[in-house]
Amino acid sequence: MIDTCEPKDALEEEPPIAFCEKTHAACGHGCKGVTKERKCLPCLDSACAQKNGHFDGVNEDELCTICYTQELGAEACSRLSCGHVFHTNCVINLLKHKWATLRITFSFLSCPSCKQEIKLKGLSKPIAQELGPLIGLKKIVEEQALIHAKD
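Reference entry: report on the structure contained in this document. (Residues numbered from 1 in each chain as written. Predicted model: local features only at pLDDT ≥ 70, side-chain atom pairs only at ≥ 80, totals over all residues. Heavy atoms only, no water.)

1. Focus on the overall build of the chain
Stage number 1. Along the chain, the regular secondary structure elements total four helices and two strands.
Stage number 2. The order of helices and strands in the chain, counted from the N terminus, is α-α-β-β-α-α.
Stage number 3. By residue count, 30% of the 151 residues in the chain fall in the buried class.
Stage number 4. Sequence-distant contacts, at least 24 apart, represent 42% of the contacts inside the chain between residues at least 6 apart.
Stage number 5. Of the accessible surface of the chain, which amounts to about 10300 Å², a share of 53% is contributed by carbon and sulfur atoms. (Helix = DSSP H or I, 4+ residues; strand = E, 2+ residues; numbered from the N terminus. Buried < 20%, exposed > 50% of the residue type's maximum accessible area, 1.4 Å probe, protein only. Contact = heavy atoms within 4.5 Å. Areas by Shrake-Rupley, 256 points an atom, 1.4 Å probe, with all protein chains shown as cover.)

Below you can see the structure in the form of structure tokens.
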């Protein structure tokens, strides 16, 4: 038995978010989005994505540009308000880690690819649940900064 210095929770990975169980009527391919969402992602199958021009040619065989370890088709994906597609768990982890230094900035609330601010409208539920309180925190910090700037 190997003894580690890390707590047990640190060794456990985030459980994957379940795939949508629906299939696309036009092509018959499975949805690669998050389960129980109102609106499915357009088909990420490589043939359909190329034919329909979705997401600038991004398909299920492309690597997630947050983790760079697995293809988009390996985990449930979400499309951000700007249109970029990532693994849902990758976006959630990005939001959970917040700022990387002592300086508090809210740049982590932006798309990793194009830096546009992530909007709540149209997001998958798991990402929206993580993002909502962070947007509230940002608003409070901005209000406090304005109060202190006037003093």
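There's more to say after this.
2. Focus: the pattern of salt bridges
Stage number 1. Taken as a whole and assessed by the stated rule, the structure comprises three salt bridges.
Stage number 2. Between Glu60 and Lys32 there is a salt bridge, with its nearest N and O atoms 3.6 Å apart. One end of the pair, Glu60, is in the loop between α2 (46-52) and β1 (77-79); the other, Lys32, is in the loop between α1 (8-11) and α2, and 28 residues separate them in sequence.
Stage number 3. By relative accessible area, Lys32 is classed as partly exposed at 21%.
Stage number 4. Put simply, Glu117 and Lys138 hold a salt bridge, and the shortest N to O gap is 3.3 Å. One end of the pair, Glu117, is in the loop between α3 (88-97) and α4 (125-150); the other, Lys138, is in helix α4, with 21 residues separating them in the sequence.
Stage number 5. Taking relative accessible area as the criterion, Lys138 reaches 18% and is therefore assigned buried.
Stage number 6. What you see here is one network of salt bridges that share partners, running through Glu117, Lys138 and Glu142. (Salt bridge = Lys/Arg side-chain N within 4 Å of Asp/Glu carboxyl O.)

3. A word on α3
Stage number 1. The complete set of buried residues in α3 reads Thr88, Asn89, Cys90, Val91, Ile92 and Leu95.
Stage number 2. On its buried face, α3 is in contact with β1, β2 (85-87) and α4.
Stage number 3. Taken from the residues just after α3, Lys98 is the one with a positive phi, measuring 50°.

4. Some points on the nonpolar core
Stage number 1. Counting residues in hydrophobic clusters, the biggest one holds 24 residues, and the most contacted among them are Leu80, Leu95 and Leu109.
Stage number 2. Counting residues per element, the ones that place at least two in this core are β2, α3 and α4.
Stage number 3. No other element matches the four residues that α3 contributes to this core.
Stage number 4. Once you skip the residues sitting within four places of it in the chain, Leu95 turns out to touch Phe108, Leu109, Ile127, Glu130, Leu131 and Leu134. (Core = buried A, V, L, I, M, F, W, Y, C linked by side-chain atoms within 4.5 Å.)

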